[in-house]
Every structure is written in structure tokens, then in C-alpha cells.
Amino acid sequence: MTVEQNVLQQHSQKHQQTLLNQLREVTGTTDVQLLQQALQASNGDLAEAVAFLTEKNAKVPQQDEATYYQTAQVNNDRYISVGSQADTNVIDLTGDDKDDLQRAIALSLEESNRAFRETGITDEEQAISRVLEASIAENKASLKRTHTEVWSDSPNPHDRKRQDNCPVGLKNVGNTCWFSAVIQSLFNLLEFQRLVLHYSPPARMQDLPRNQKEHRNLPFMQELRCLFSLLVGSKRKYVDPSRAVEILKDAFKSSESQQQDVSEFTHKLLDWLEDAFQIKAEEDREGEKPKNPMVDLFYGRFLAVGVLEGKKFENTEMFGQYPLQVNGFKDLHECLEAAMIEGEIESLHSAENSAKSGQEHWFTELPPVLTFELSRFEFNQTLGRPEKIHNKLEFPSMLYMDRYMDRNRDITRIKREEIRRLKEHLTVLQQRLERYLSYGSGPKRFPLADVLQYAMEFASSKPVCTSPVEDIDTTAPPGATTCFCAWTTAQGSSRMHLSHPSQRVSIHKPFTQSRVPPDLPMHPAPRHITEEELRVLEGCLHRWRSEVENDTRDLQASISRIHRTIELMYSDKSMMQAPYRLHAVLVHEGQANAGHYWAYIFDPHQQRWMKYNDISVTKSSWEELVRDSFGGYRNASAYCLMYIDDKKPFLIEEEFDKETGQMLSGLDKLPPDLKEYVGADNKLFEREMEEWDALQARKLQQEKLALATASVAPAPQHDPEYMEQQSPTGDSKHLQEDTERAISKAAAEHDEKSPEVLLNTAMKVEYTRLLRFAQEDTPPERDYRLLHIIVYFIHNQAPKKIVERTLLMQFADRNLGFDERCKSIMKVARAKLELIKPDEVNMEEYEMWHQDYRKFRDTTVFLLIGLELFLKKSYVESLMYLIYAYQYNKELLAKGPYRGHDEELIAHYRRECLLKVNEHAAALFETGEESKVNAGLSIMNELVVACIPLLLVDEMEEKDMVAVEDMRNRWCSYLGQEMEPNLQEKLTDFLPKLLDCSTEIKSFHDPPKLPSYSTLELCERYGRVMTSLTLSRTPADGR
């Protein structure tokens, strides 16, 4: 067979498998034999195949089944491709008697077939085209947006600079988190990384036929090399993959958009890379069969051993990503066991001529990189769309594949038979135990040991002589006597106890009083029982309860032993010779038609897990991976598992210089052309940083020049607005009074009346007063830093010269009292200010400290307005104030722990306010009214979606992460509910924005305009709002 014929045959087989996958997704049928029979019966017409499978009493033609198995002969190798998701669009075809869903499916499949016949492009490729075009369109559209949906890079390139040797992230250019997750997982396979980086295009590239594959694969391979080289040696914190995505987009043509399935993309990506390496391998071969490194790395083989009506067959098949069903299984081994056996296989290793049919899979050759696709989506025929399976599925960090190998076929069959026998025994024991733990014949069941204990307690209770109804006189008037009967333990007779007529009988009120009247018995009791009857009954009940408890313990111990035996069934050394270590986990969060992807990748050199979430690359742990990947807890779960052969260290080994023996790193790992490419990009980035630094230096020089000009100008000096006002009101009046008190106290302490001595003494008096404020331990509602700037400086250990000049400015205020003593001191203070030389006080540093204090006051205003609005339940208005309070405060705290307010307090109310806003928006959406729905989604887009990255940027606050998850879950819960088509469409458009949020900070509108408060008013309002807080904890005041 020629190479061309082989390629055509493989393409036909792949197309047939694609149709099979489509049929599986559309109908929900997982039986491969039945799907094959449907395709055979319909001669490849998918519409007829759907009708065939959906008939209630459809019978499988024996001839078609035989035909299918006859095609499975030895040496008939084929690839197993990954199934694609069904189209989720709803088509309403009126005026026809056929079922709407069936007509929609038939029309969709017909269009799919026609598209393939006309263009040769499969549905998988069309789906990738749709998402790529959507990604590029989203990226381009974001440049034109003017509201808060715009994702922007920090204008400061130093914020985008790579720190040391931290891994480089990938920018999300619009619904491309799936691309980032897959590419990072493959890039961190160092052998794959080397293959890509050292790939050289065919020498006769220009002479090659310009068919679709070569037109697509070779340019993409070149761009992937460039992208990998940037991930290796870039000085940027993250890089932009738009060019690679553009090439993928240009390869196909489609007008629809949806978020791409990560397993489909991984399959197609490896398929394209395989084709690119195949072209190179065929060029380099010299009479030998071309060797494709992609096939060697990612593809393995298994032996299908089957039986059809007593006739055995075997054939070898090649696989890449191995698909596994999740529904109904608790761990990865259970999934694998189920995937390796199809149908009834007893006749495979039986001497009897049985009519049963089925097949087993046995791996004959495992690839170095073993990838499992976890099928977490299933098609809901009722709703006409796919749904995600959120069931919990555990998987190990080390996976031993020996039990699935063909060389261990006989041993595994013996062990499987033993496990089957043990599980049958286990089922019997569990059923017996269940009868003990859930005893009874009615709807309510109780543990039998407890039932016997209750019976014993009843028999031993103090008996009463009347019925529970007759012993209460309901006709007696208030204050009348009520009689009860008590058992006398001495003679065994009963006597009446009458309450005194003057005593008031308390009335029991069941809804307002929890206390039981003391005269009533606590439990029901027998009316008549002899001591002999009680003795016999107690003896029996004690013995029976002891027997039941012993039986229960024995059953539980036996069940535990069987579980342990099953767990250790494959723990002997002979079944631990094929170890595979978990390399990467690709996680999906969200629902079937919307979500976000990220990856956990193990760093073998640092021996820790790393989380790759678009531009964010952070340290992680196995515990975090388990929480996000196993499923069952949140909307997040593993979607693809990548294991690597632990006995092939070359997969993750670093490269060493052959001459020096030193490990290669950075640019040294790159071939010359890529080293030049990355070097040029690094120079561009360095030039960007230099231009930024030059711009900042010019701004600083202009500020210095302005300050110098102001210092030599004859115009009077202007103090900060919080220290000087033009009229003797507000801050100025308060500050003047403090200053005049200090001057009066200084004058009283000294006989000498010279202005200079009085100034020095008054400054010491004032500083001592403020120092006392700074040292006082105050509650949160009383923050003396708001009272005076010097208190703020003392807390933050400002330089002495800064404090002295600030205090001198206070005494140089022109609005001091008009008596001669104050005027003379003011003049001396102004003279001292003029005598201060530029080298004595760094005016740039002086201005910086005052700017920080102004920001501290602004932060306080943002906080108190935000809290006031929050307490008034004006959550939408409150949110932006709290957002800016947190951001300003965070910038202050970065300079010192006492520069701002309590970060935990602000974070708490920011988080609570965001949850309230989300709840309000969700309530508007639930009304279903057009105007309210649009208002709710507008709130979500402009406020909530914009704020979520602020909560996730550090990934340190667990409460913030839980809050984000709660908000996302609230909206994802609507996907499974019935709603109008227009609401479903709006929800589908909105969810990707909510779920596909990277940690890039969005550009907000300008902060709200702040009102002007005097110092006393600010302190009063701040104290009042802090007193009103009802936090369950008492937060620190930030000092």
C-alpha cells in the first residue's frame, strides 16, 4: 500500500469514528456495538441511524453485527479519536408532524454530512474554527469597548516583568483558557518541548503541494516554536499567543461560536503536530519506514480480544487519548476496568461454545505520555443540550497499569475472578448488615440494636395506672386540682396525690414554652408489668441486644477485610512494574456550554504542583488539586489526566551541555534562530521599560522643577488643605485652637518672652500632646491618625526632618490669632521655613509623605461612605466605594503595616457587598421581565464580573475564593432549569464572562467623587459608622 493510500484510509477511518462519536453524543447511547450496527443499517446516513436507535422496539440485525465483527481482523490498525460534542442550538421547525428534536438533529447531521462532502472538513475542525474565530473576535472587540469589560495590561511594564525563573503565563485573548491549559501541559513535558523547539521545516517546503494540511500544519508548527521559545526565555511575566490562535483560525471557515472542548483541541493539536512531523520524517528517511516522534510519544496499542456467537477474534488497535466514562464510577481504576470490557465476555476464556458476545481490551504497548479523557458531558434528550456530570471521581498520583497489560492477561483474569467472587460475598454481607442497621417493615427503619435498647428502656420505665388521655382532666377550671398516679416501689400499689387547692396549675404552651411540665412522665411506660415479667423481659432483651451487636461487629469486620483484600489485590511487585506518574490535570469549571479551564502541572525538580491559570502561574498543592479536580464538591472537576511513564526520565529531564556538563537554561536551551527571536523580543521589552523609566524620570524632574520654582517665588507658601484654610472654620479653626493652646502653655512655662523660645517650647508641647495620642491604645472607632497628620507620621516612623517641617508649617499658619504674641511666633516660624536649605529636607520625600496622608484620608472617606451605604442596604452604590477603599488601602499597606486601615475589615465588607449585589442581580434575572433581566445582567457585567479578579488576584484569601464560587454556582444553577429561549440565550452569552475570568485586573471608571469633610466631621462620622458595625469578630484597627 502506498503512502497516499495509507493516508486516505486513515482519513476515512477517522471520519467514520467522528460520525460514531456524533451519534453517541446525539442519542446518549454508549454501546459501541449498537452504534456500529446503526451506522451499518443506515449505510452511513446519520439521520437514519438516529431514527434506528430511537425506535422503541428496534431489533439489531444479526447480519450487520456479524459484518462489524468480520471487519475486526488482525493487522487492521485504526486510530481511536475523541468524540465531539453535539450542537446545542435549538431548531424549531413548525408545520411538521415529526418530533422537533428529531427534526433538528436530522437537519444538523445532514448539514454536517454535506459540509464534509463539499469541503473535506470534519465537524471537529468546524467546531475548532468556531471557537477560534470567537476568540479572535472577542480579542479585537475588546479594544473597542469603553465600559468595564475591557481587559487591560498594566501600563507599567515593570508589573509585567518576569520574576527570576518563574514560569511564564499565557494571556487569555478571548475564551482561550482551553488553549493555555493544553499548551502549558505539553510545554512542561521537556521531551515534547525539545521536539518542538528543534523542529526544522522540510528543506523543500516551497515545493510541497499546497494542500490543506500542509498549509495549516507547517505554519502553525513554526508559530508554536516561537511561542515555546518565549515561554523558555522571555523576560515578560506572560506572553500573547494571538498569532498561534490566528493561524488555527485561518485554517477553517465557520460563522458560529462556542467555547472549545479541551479534549477535542488536544486531539486535533496532536493530530496536526503528527502530520507536521510526518512530512519531515518522510523527507529524512533513506529507504526506511519514517519514524514519527509524536506517534512514539503519545500513541500506544491495545489488543481487542472478542467473541461473536462462540467465534473468537483478535485485532490490534492504536490509541492516543483514551476515553473513559465517569458516570457510575468512584475512581479511575473502576473507569478503566469498565472501559477494558465490553459486553459479556465469559466465553472468552471458557471451553464451552457459548452464544454470548463481547470483547476485552489489553494494552500491548503503552505510550510514554498516557492521556485519559474523562467524559463528563452527556446529552440530555429532554432538554436537547449536553449537560455536565459533576460526580466525584478519584485518581491517584501514581498509577500502575500492569493489570491492563496483555502480558498479564492470565493473572489479571484470575484476580478479576477473585475480585468478582469477593464482591458477590461482599454484597451478601452488606445486605445482611443493612438488615441489622435498617430494621423494620414500614417506611421508617432503625438500627436493630437501638430498637432492642428502646424496648428495654420502655419496659424498665415507671408504669402508670391510667391511659395518657384519662389522667388529664380537660374540664377542670383554672386552679382546679389534677390527679396523677405514681408507682410505689415498696408495696407495688398505687395511691393518689392531690395538689393543694390553693396552688396554681401551670399551663404548658408548646409553641412558646420548651419546658415539659414536671408532673408528666418523660417517656411512655407500661401500665401493668410484674417483677417476674420485667426480669424475664430484661434478660431476653439484654441477650438479644448483645447478640445483635456482636453480629453487627462481625459483619463490619468481614466487610472491612474484604475491602482491604480487594485494595491489595494488585499490590504485589509483579503487578507494579508499569508505574505512571501524574504529570498534569486539566480542570474545567462551569457547565457544558460555558466554563473556564486551567491546569495543575507537577514540577519534578521543585517537587510541587503549580497552577497555570492563564497569565497567573502560582504554587499549589495536592490538596488544592484534589479539591478542584475530583469533582462532587463544586462545579470544577478534572476533564483530562496526563500521566507519564515513571521509568522514562528523559520525558522530564533537563538538557545538559555536552562539553561543560552544565544544565542548559534560558536562552541556552534554544536553537540559534529562536535565540535570536527571543533576544529581539526581550530587547523590545527592555526598551519599553527604559522608555517608561525615562517618562517617569521626566515627570519627576518636572515636579522637582515646579517645587524649586515655588520655593524661590515670593508668593506665600500654601499649606496642605487639611492644615490650612482661608477662613477660620473647619480644619483651620480646629488646628488654630490647638496651636494657640500650645503657645499659651509654652508662655506659662517660661519667663522669657522671646518669640523664638516660645516657638520651640510650643512645638515641643504640641509634639508631646500628639505623641501621647499616637501611643494610646484606642478602639477601632477612635483613630487619632485622622485627627492630625503628625500622629500618622509617628505611627509610620517618618523621618525627623519631615515631622519638624510639618509641625513648623502648623505654627506658620497666617490664620493664627491676632494677638501680638501669636503673630510674632508665626513670623519666626515663617522665617525658619525660608532658612531651611533644599539639602536639609528632601522636598520630594516631604511631598510623598503628605501625599500618602492625603490618600489615607481619601481611603477613610471611601470606607466610611461605603459602610454607610452598606448599612442602608444600598449595596450597588456601596460597592464601588468599598472597592476603591480596598485598592487604595492595599497600596498604602504595601509601604508599611500602619499606613492604612484594617485590610481584613475592608475585605469582609467588600466581599459581603459583592455577594449582596450578585443576589440582587440574580433576583432581577429570575423575574423574567425584559427590563429587569437586562438591568440584572448589566449589574453583573459592569460590577460583579469586573470585581471578581480583584478577589482572585492573590488566591490567598479562602473566603474570597468561596464567595466567587458561590456567585458562579448561583448563575450556573440556572442552566438546568426551564426558561424562555431569550433568557437562555442571554444566560449563555453571559456565563463565559462570569466563568472565564482570569486574574488580570479590569479597567474601572474613575473613582467616585469624594465630598470634603473637616477633620472633626471625618472623625465623628468614621467613629459612628465603626460603632454601628455588627461583625461577629472585633477586627484590629490597623495600627
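Keep in mind that what you see is a predicted model, and the values were worked out from it rather than measured.

Participant: Which residues make up the overall build of the protein, and what values go with them?
Facilitator: Of the regular secondary structure elements, the protein holds 30 helices and 19 strands. Buried residues in the protein amount to 48% of all 1039 residues. Within the protein, counting contacts between residues at least 6 apart in sequence, those at least 24 apart form 73% of the total. About 53300 Å² of surface is accessible on the protein, with carbon and sulfur atoms providing 51% of the total.

Participant: Lay out the nonpolar core with the relevant residues and their values.
Facilitator: In terms of nonpolar packing, the biggest core is built from 96 residues, with Phe793, Phe811 and Trp971 touching the most fellow members. One finds Leu170, Trp178, Leu230 and Ala276 within the second-largest nonpolar core, a separate group that totals 60 residues.

Participant: I'd like to hear about the pattern of salt bridges, residue by residue, with values.
Facilitator: Enumeration over the complete set of coordinates arrives at 42 salt bridges. One salt bridge connects lysine 235 with glutamate 686, and the closest N-O pair in it is separated by 2.1 Å. Taken as a pair, lysine 235 in the loop between α9 (212–233) and β3 (238–239) and glutamate 686 in helix α18 (residues 672–712) lie far apart in primary sequence, 451 residues in all. Between arginine 564 and glutamate 567 there is a salt bridge whose closest N-O contact spans 3.6 Å. In this pair, arginine 564 and glutamate 567 both sit in helix α16 (residues 531–567), 3 residues apart, roughly one turn of the helix. On the basis of relative accessibility, which here comes to 56%, the residue glutamate 567 falls in the exposed class.

Participant: Which residues make up the pairing of strand β15 (residues 579–591), and what values go with them?
Facilitator: Looking along a regular strand, one sees the side chains alternate between the two faces of the sheet. Burial within β15 is extensive, with 13 of its 13 residues counted as buried. Looking at chain direction, strand β12 (residues 398–400) and β15 are connected through 3 bridges and run antiparallel. If you follow leucine 399 over to β15, its bridge partner there is tyrosine 580.

Participant: So what about the packing of helix α20 (residues 755–775) against helix α22 (residues 800–811)? Which residues, and what values?
Facilitator: Close contact between α20 and α22 brings their axes to 11 Å; oriented N to C, the two are set at 110 degrees. On the basis of the axis angle, α20 is roughly perpendicular to α22. Of the two possible hands of crossing, α20 and α22 adopt the one that is right-handed. The residues of α22 that touch α20, namely those facing Leu759, Ala762, Met763, Glu766 and Tyr767, are Val803, Glu804, Leu807, Leu808, Gln810 and Phe811.

Participant: I'd like a rundown of unusual backbone geometry, residues and numbers included.
Facilitator: Residues other than glycine predominantly adopt negative phi, and peptide bonds predominantly adopt the trans conformation. Of note in the backbone geometry, aspartate 164 takes a positive phi value of approximately 50 degrees without being a glycine. Among the structural elements, aspartate 164 can be located in the loop between α6 (123–142) and β2 (169–170). Its relative accessible area of 72% is what places aspartate 164 among the exposed residues. Positive phi, close to 60 degrees, is recorded for aspartate 614, a residue that is not glycine. Tracing the backbone shows aspartate 614 in the loop between β17 (608–613) and β18 (616–619). Classification of aspartate 614 by relative accessible area gives buried; the value is 2%.

Participant: Run through the packing of helix α14 (residues 409–437) against α16, naming residues and quoting values.
Facilitator: Two elements in contact, α14 and α16, have axes whose closest approach is 10 Å; the angle formed by their N-to-C orientations is 155 degrees. Considering their axes alone, α14 and α16 lie roughly antiparallel with respect to each other. The element α14 and its partner α16 pack so that their crossing is left-handed. Of the residues in α16, those touching α14 at Ile419, Leu422, Lys423, His425, Leu426, Leu429, Gln430, Arg432, Leu433, Tyr436 and Leu437 are Val548, Asp551, Thr552, Leu555, Gln556, Ser558, Ile559, Ile562, His563, Thr565 and Ile566. By residue class, the composition of the contact of α14 with α16 is 12 nonpolar, 7 polar and 3 charged.

Participant: Could you give me a rundown of the pairing of β18, with the residues and numbers involved?
Facilitator: Note: β17 against β18, 4 bridges, orientation antiparallel. Residue pairing across strands places methionine 610 opposite lysine 619, the latter belonging to β18. The antiparallel hairpin formed by β17 and β18 contains 2 residues in its connecting segment, where aspartate 614 sits at a positive phi of about 60 degrees.

Participant: How would you summarise the side chain of arginine 194 if you had to cite specific residues and measurements?
Facilitator: Of note, arginine 194 is situated in helix α8 (residues 190–197). Residues contacting arginine 194, with those up to four places away along its chain left out, are Phe650, Glu653, Glu654 and Glu655.

Participant: Describe the packing of aromatic side chains, listing the residues and the values that go with them.
Facilitator: Applying the stated criterion to the full structure yields 31 aromatic pairs. Between the aromatic rings of tryptophan 971 and tyrosine 974, the centroid separation amounts to 5.6 Å while the plane-to-plane angle is 90 degrees, which identifies the pairing as edge-to-face. Comparing tryptophan 971 with tyrosine 974, the two get one shared label, buried. Chaining the aromatic ring pairs together yields one cluster made of Tyr792, Phe793, Trp849, Tyr853 and Phe856. Lying across the ring of tryptophan 849, arginine 899 places its NZ or CZ 4.2 Å from the centre. Between the NZ or CZ atom of arginine 910 and the centre of the ring of tyrosine 886, over which it lies, the distance is 3.8 Å.

Participant: Before we move on, could you go through the environment of glycine 666 and cite the residues and values that matter?
Facilitator: Along the chain, glycine 666 turns up in the loop between β19 (636–645) and α18. Placed 433 residues apart in sequence, glycine 666 and glycine 233 show a C-alpha to C-alpha distance of 4.8 Å.

Participant: Tell me what's going on with helix α23 (residues 820–835), and back it up with residues and numbers.
Facilitator: Taking 1.5 Å of rise per residue, 16 residues should cover 22 Å, and α23 covers 23 Å from first to last C-alpha, within 8% of that figure. Within α23, the full set of buried residues consists of Cys822, Ile825, Met826, Ala829, Arg830 and Leu833. Along α23, the residues classed as buried sweep out an arc of 140 degrees about the axis, all on the same side. Pointing more than 90 degrees away from the buried face of α23 are the exposed residues Glu820, Lys827, Glu834 and Leu835.

Participant: Give me the confidence of the model for the protein: which residues, what numbers.
Facilitator: Do not read the predicted coordinates in detail wherever pLDDT is low. Averaged over all residues, the pLDDT of the protein is 75; the fraction at 70 or higher stands at 68%. In the model, residues 1–8 has pLDDT below 50 throughout and makes 5 contacts with residues more than four positions away in sequence or in other chains. This model gives residues 114–121 a pLDDT under 50, and the stretch forms 12 contacts once residues within four places in sequence are excluded.

Participant: An account of helix α17 (residues 622–629) is requested, with residue identities and associated values reported.
Facilitator: Those residues of α17 not exposed but buried are Glu624, Leu625, Asp628 and Ser629. Seen along its axis, α17 keeps its buried residues to an arc of 115 degrees; they face one direction. Of the residues flanking the end of α17, it is glycine 631, one or two places downstream, whose phi is positive at about 85 degrees.

Participant: How would you explain the environment of phenylalanine 265 if you had to name every residue and give the values?
Facilitator: Along the chain, phenylalanine 265 turns up in helix α11 (residues 262–284). A sequence separation of 86 residues divides phenylalanine 265 from phenylalanine 179, and the C-alpha atoms of the two residues are 7.8 Å apart.

Participant: Lay out the environment of valine 548 with the relevant residues and their values.
Facilitator: In this fold, valine 548 is placed in helix α16. Sequence spacing of valine 548 and alanine 449 is 99 residues, and the spatial spacing of their C-alpha atoms is 6.1 Å. Discounting residues that sit within four places of it in the chain, valine 548 has contacts with Tyr436, Leu448, Ala449 and Leu452.

What counts as what
- Residues numbered from 1 in each chain as written.
- Predicted model: local features only at pLDDT ≥ 70, side-chain atom pairs only at ≥ 80, totals over all residues.
- Heavy atoms only, no water.
- Helix = DSSP H or I, 4+ residues; strand = E, 2+ residues; numbered from the N terminus.
- Buried < 20%, exposed > 50% of the residue type's maximum accessible area, 1.4 Å probe, protein only.
- Contact = heavy atoms within 4.5 Å.
- Areas by Shrake-Rupley, 256 points an atom, 1.4 Å probe, with all protein chains shown as cover.
- Core = buried A, V, L, I, M, F, W, Y, C linked by side-chain atoms within 4.5 Å.
- Salt bridge = Lys/Arg side-chain N within 4 Å of Asp/Glu carboxyl O.
- Pairing = 2+ DSSP bridges.
- Axes fitted to C-alpha atoms, helices over the stretch in contact; angles between N-to-C directions.
- Parallel < 35°, antiparallel > 145°, perpendicular 65-115°, else oblique.
- Left-handed = near helix turned anticlockwise from the far one by under 90°.
- Nonpolar A, V, L, I, M, F, W, Y, C, P; charged D, E, K, R; others polar.
- Phe/Tyr/Trp six-rings, centres within 6.5 Å; stacked < 30°, edge-to-face > 60°.
- Lys NZ or Arg CZ within 6 Å of the ring centre and 35° of its normal.
- Expected span 1.5 Å × (residues − 1).
- Arc of directions from axis to C-beta.
- pLDDT = per-residue confidence, 0-100.

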